[in-house]
Amino acid sequence: MSVEIYRPIGTDKQTPHIQDELYIIITGTGDFINNGERTPFGPGDVLFVAAGIEHRFENFTADFATWVVFYGPNGGEGVGA
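Residues numbered from 1 in each chain as written. Predicted model: local features only at pLDDT ≥ 70, side-chain atom pairs only at ≥ 80, totals over all residues. Heavy atoms only, no water.

What is the right way to look at the packing of aromatic side chains in this model?
Both the distance between ring centres and the angle between the ring planes are used here to describe each pair of aromatic rings. Counting across every chain of the model gives 7 aromatic pairs. With a centroid separation of 4.7 Å and 45° between ring planes, the pair formed by Phe-32 and Phe-57 is classed as tilted. Residue Phe-32 is found in strand 3 (residues 30–34), and its partner Phe-57 is found in strand 6 (residues 55–58); the two are separated by 25 residues along the sequence. Assigned by exposure class, Phe-32 and Phe-57 land together as buried. Ring centres of Phe-41 and Phe-64 lie 5.0 Å apart, and the angle between their planes is 50°; this geometry places the pair in the tilted category. Of this pair, Phe-41 sits in strand 4 (residues 37–41) while Phe-64 is found in the loop between strand 6 and strand 7 (65–71), placing the two residues 23 residues apart along the sequence. With relative accessibility at 3%, the residue Phe-64 sits in the buried group. Within the aromatic cluster, the residues linked to one another by ring pairs are Tyr-23, Phe-32, Phe-41, Phe-57, Phe-60 and Phe-64. (Phe/Tyr/Trp six-rings, centres within 6.5 Å; stacked < 30°, edge-to-face > 60°. Helix = DSSP H or I, 4+ residues; strand = E, 2+ residues; numbered from the N terminus. Buried < 20%, exposed > 50% of the residue type's maximum accessible area, 1.4 Å probe, protein only.)

Help me out: how do you make sense of the nonpolar core in this one?
As a rule of thumb, soluble globular proteins bury nonpolar side chains together. Ranked by size, the top nonpolar core spans 11 residues in total: Tyr-23, Ile-25, Phe-32, Phe-41, Leu-47, Val-49, Phe-57, Phe-60, Phe-64, Val-68 and Phe-70. Only strand 2 (20–27), strand 5 (46–49) and strand 7 provide two or more residues apiece to this core. (Core = buried A, V, L, I, M, F, W, Y, C linked by side-chain atoms within 4.5 Å.)

In this structure, what is going on with the environment of Thr-11? I would like to understand it.
With respect to the helices and strands, Thr-11 occurs in the loop between strand 1 (2–6) and strand 2. With a relative accessible area of 49%, Thr-11 lands in the partly exposed category. With 46 residues separating them in the primary sequence, Thr-11 and Phe-57 have C-alpha atoms 7.9 Å apart.

How should the sheet that holds strand 3 be read in this particular structure?
For sheets, the rule is that strands pair by backbone hydrogen bonds, running either parallel or antiparallel. Across the sheet, which stays open at both edges, the 3 strands sit in the order 4-3-6 with antiparallel pairing between neighbours. A single partner strand is all that each edge strand has here, and the edge strands are strand 4 and strand 6. Ignoring strand direction, the axes of neighbouring strands in this sheet form an average angle of 25°. Inspection of the sheet shows strand 3 paired to strand 4 by 5 bridges, in the antiparallel sense. Considered in strand 4, the bridge of Gly-30 is made with Phe-41. (Pairing = 2+ DSSP bridges. Axes fitted to C-alpha atoms, helices over the stretch in contact; angles between N-to-C directions.)

Right, dumping it as structure tokens:
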């Protein structure tokens, strides 16, 4: 498991990751795109992304910051299930 703060500037250019993820929004608002589905977010929201899934933040405010927690085996918790 690893934990970090993520603060994209202008555009979120991330690509899918090899582990499952949790985002815990610290500040700011915007839209979260997860596997093609758009969800508005704000402080205190928790967002889950399965390993290997396309996702990004859009239309976020300049103060946007989030904790991101990467956890579980490579390929996600569903591997071998």
